[in-house]
Amino acid sequence: MGSVTVYGPPISTAVSRVLACLLEKDVDFKLVNVDMAKGQHKSPDYLKLQPFGQVPAFQDEHATLFESRAICRYICDKYADRGNKNLLGRNGAGPAERAQVEQWLEAESQSFNPPSSALVFQLAFAPRMGLPQDPAAVELNQAKLAKVLDVYERRLGESRFLARDEFSLADLAHLPNAHYICSAGKDDMFASRKNVARWWEEISTRLSWKKVVDMYSAPPA
Amino acid sequence: MGVKVYGKPQAVCPQRVMHCLVEKGVSFEFVLVDIDAMEHKRAEYMEKHPFGQVPFIADGDFELFESRAIVRYFAAKYADRGPNLLGRTAEERAKVEQWLDVEAITYSPCAFPIVFNLFLFPIRGLPGNKGEAVAAMEKLDKILEVYEKQLARTKYLAGDEFTLADLTHIPVTRYLVEHCGLAYLLDDKPHVKAWWEAVSSRPAWKKVMSFVASGASFYAP
């Protein structure tokens, strides 16, 4: 134990997805910053870890991995006996229960992530980087996201969390993008939908997520 | 009761599911959802699939959407049959998940605009956006350079055996190569070319293509 390293800036949505999972699983880790403003993510050394030049990259004594959701699934499988044991369904519950989590994790990556990532860039990162916001892009992606949240509203009226009645990796995957959107003043998208508001309140106040948000304002390593 | 796959047999995402079932020797009934007539957006279908997409499956009473969740489900349920599609250890599975996510988040979002603009819209008499297709082709070429480096080290994406990570690439890649004239993108990438030849000549994939061409509703191994 003690050999887990995550590479990337903690404010990255994809990096913080992995950090949230590690904290839920009580797995210790070292965070190594990657200075993207200086192009460190495209350096030959970094490309050995992540050949597409994206963050995060992940290493433990057995594997070097990329893709935040794949890393999260590995952490849940590899460290099955630690921390929250039910993030992919209950251990030993069989393929159907895990499949329900996988269904909503895919929904997050395929339906929620594209419009919410675009909004996160426009609302949170473009200003930080001194880039102009594109109001047409904001409007378009807000409309797309609203349709997704309407589906969630219906689903969360049937189930306490997205995949099942317990918090799972499918809910966790939403935390980073939703956090930035709410912090940038578009929280009405979540607050105006009764079930989504309930769900967001529950998942965003989890201790593991609060610890990740604290890392956003910590000085880089 | 058996497996029912809902969708259009020519569509990419249902083809992934059919391929997985054929690799595993599992019979299924294919139930046509007329997406050209927007059947997938009607209330009756959206009762099953809240995002109004295909495919949707029913395995007895168990229902699932998102093709990559569905193939993970069947690969796990039938782990003891046919080829091993998910790896044997947590580390091997992690590599499968990593390249599955690359396909979902990096490869396909680039491939689909090419197929829509160069093939699907034109055959429906709609204008295709050539500029969008060309921009996507340039991106795809860069992505395939990374695939070339990986496939120079391993026979398949996640290792030396065919897995779900390869499987989910096949339907859209066939459209790129056979209907969008993009075979040339593989000409300077000998390992990608060899990989494509290997995966597209798998007997199970050929059976899927025959099944689609036949217009049949029932598949039995």
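Only a predicted model underlies this, so the values are computations on that prediction, with no experimental measurement involved. (Residues numbered from 1 in each chain as written. Chains lettered and ligands numbered in written order. Predicted model: local features only at pLDDT ≥ 70, side-chain atom pairs only at ≥ 80, totals over all residues. Heavy atoms only, no water.)

Novice: Which residues make up the sheet that holds strand β3 (residues 57-59) of chain A, and what values do they have?
Specialist: Consider a sheet: its strands pair through backbone hydrogen bonds, and that pairing is either parallel or antiparallel. Residue and element names in this part refer to chain A. If you walk across this open sheet you meet the four strands as β2-β1-β3-β4, and the pairing is mixed. Two strands lie at the open edges of the sheet, namely β2 (30-32) and β4 (64-66), each paired on one side alone. Neighbour to neighbour, the strand axes of the sheet diverge by 20° on average, direction disregarded. As paired elements, strand β1 (residues 5-7) and β3 share three bridges and run antiparallel to each other. In the strand pairing of β3, Val6 is matched with Phe58. Helix-sheet contacts for helix α1 (residues 13-24) involve β1, β2 and β3, and the interaxial angle to β1 is about 160°. The strands that helix α3 (residues 68-78) touches are β3 and β4; relative to β4, the one it contacts most, it runs at about 135°. (Pairing = 2+ DSSP bridges. Helix = DSSP H or I, 4+ residues; strand = E, 2+ residues; numbered from the N terminus. Axes fitted to C-alpha atoms, helices over the stretch in contact; angles between N-to-C directions. Contact = heavy atoms within 4.5 Å.)

Novice: Provide a residue-level description of the side chain of Ser159 of chain A, including the pertinent values.
Specialist: As for its position among the elements, Ser159 of chain A is in the loop between α5 (135-155) and α6 (169-172). Contacts of Ser159 of chain A, omitting those with residues within four sequence positions, involve Arg164, Asp165 and Arg198 of chain A.

Novice: An account of the packing of helix α1 (residues 12-23) of chain B against helix α7 (residues 170-179) of chain B is requested, with residue identities and associated values reported.
Specialist: For any two helices packed against each other, one specifies the inter-axial angle together with the distance between the axes. All names here are of chain B. Contact geometry of α1 with α7 gives a least axis separation of 8 Å together with a crossing angle of 125°. Classified by the angle their axes make, α1 and α7 are oblique. In this structure, α1 contributes Val12, Gln15, Arg16 and His19 to the contact, and α7 contributes Ile170, Pro171, Val172 and Tyr175. Counted by class, the contact of α1 with α7 contains five nonpolar, two polar and one charged residues. (Parallel < 35°, antiparallel > 145°, perpendicular 65-115°, else oblique. Nonpolar A, V, L, I, M, F, W, Y, C, P; charged D, E, K, R; others polar.)

Novice: How would you summarise the domain arrangement of chain A if you had to cite specific residues and measurements?
Specialist: Interface size is often expressed as the accessible area that is lost when the parts come together. Residue and element names in this part refer to chain A. According to the domain assignment, chain A consists of domain 1 (5-85) and domain 2 (95-207). One C-alpha centre belongs to domain 1, the other to domain 2, and the line joining them spans 21 Å. On the side of domain 2, 18 residues touch domain 1, which itself brings 13 residues to the contact. Together domain 1 and domain 2 conceal approximately 1,300 Å² of surface at their shared face, both sides included; 54% is due to carbon and sulfur atoms. (Domains from an automatic or database assignment. Buried area = accessible area lost by both parts, 1.4 Å probe.)

Novice: Pulling in residues and values, what's your account of the pattern of salt bridges?
Specialist: Enumeration according to the criterion identifies 36 salt bridges over all chains in this entry. The partner of Arg206 of chain A in a salt bridge is Glu24 of chain A, with the nearest N and O atoms 2.8 Å apart. Taken as a pair, Arg206 of chain A in the loop between α9 (194-204) and α10 (207-216) and Glu24 of chain A in helix α1 lie far apart in primary sequence, 182 residues in all. Given a relative accessible area of 9%, Glu24 of chain A falls into the buried group. A salt bridge links Arg72 of chain B to Glu106 of chain A, with the nearest nitrogen and oxygen atoms 2.7 Å apart. Of the two residues, Arg72 of chain B is situated in helix α3 (residues 67-77) and Glu106 of chain A in helix α4 (residues 95-128); the pairing between them involves two chains. For the pair Arg72 of chain B and Glu106 of chain A, one class covers both residues: buried. Within this structure, Arg73, Asp77, Arg98, Glu102 and Glu106 of chain A together with Arg16, Arg68, Arg72, Arg93, Glu97, Asp101 and Glu103 of chain B form a network of salt bridges that share partners. (Salt bridge = Lys/Arg side-chain N within 4 Å of Asp/Glu carboxyl O. Buried < 20%, exposed > 50% of the residue type's maximum accessible area, 1.4 Å probe, protein only.)

Novice: Lay out the UniProt feature "domain: GST N-terminal" (unreviewed entry) in chain B in plain terms, naming residues and giving numbers.
Specialist: When the UniProt feature table is mapped onto this chain numbering, "domain: GST N-terminal" (unreviewed entry) sits at residues 1-82 of chain B. Annotation note: span residues 1-82 of chain B, helix share 35%, strand share 22%, distance between end C-alpha atoms 22 Å. (UniProt positions renumbered as here; feature names shortened; annotations may be inferred.)

Novice: Any details on the pairing of strand β1 (residues 3-7) of chain B? Residues and values, ideally.
Specialist: Residue and element names in this part refer to chain B. Among the five residues of β1, four are classified as buried, and the element is accordingly described as predominantly covered. Note: β1 against strand β2 (residues 28-32), five bridges, orientation parallel. Following the sheet pairing, Val5 is matched in β2 by Phe30. For the crossover that starts at β1, traverses α1 and ends in the parallel β2, the hand is right-handed. Pairing between β1 and strand β3 (residues 56-59): four bridges, direction antiparallel. By the bridge assignment, Val3 is partnered in β3 with Asp59. (Right-handed = clockwise from strand over helix to strand, strands pointing away.)

Novice: Explain the pairing of β2 of chain B to me, and be specific about the residues and the numbers.
Specialist: Bridge count for β2 of chain B against strand β5 (residues 218-219) of chain B is two bridges, and the pairing is antiparallel. When the sheet's bridge partners are listed, Phe28 of chain B is paired in β5 of chain B with Tyr219 of chain B.

Novice: Requested: an account of the sheet that holds strand β4 (residues 62-65) of chain B, with residues and values cited.
Specialist: Pairing is mixed in the open sheet, where five strands are placed in the order β4-β3-β1-β2-β5 (chain B). On the outer flanks of this sheet lie β4 and β5 of chain B, each paired with one strand and no other.

Novice: Help me get a handle on the UniProt feature "domain: GST C-terminal" (unreviewed entry) in chain B, residues and values and all.
Specialist: Per the UniProt record, the feature "domain: GST C-terminal" (unreviewed entry) sits at residues 89-221 of chain B. Secondary structure over residues 89-221 of chain B splits into 71% helix and 2% strand, and the C-alpha atoms at its two ends are 28 Å apart.

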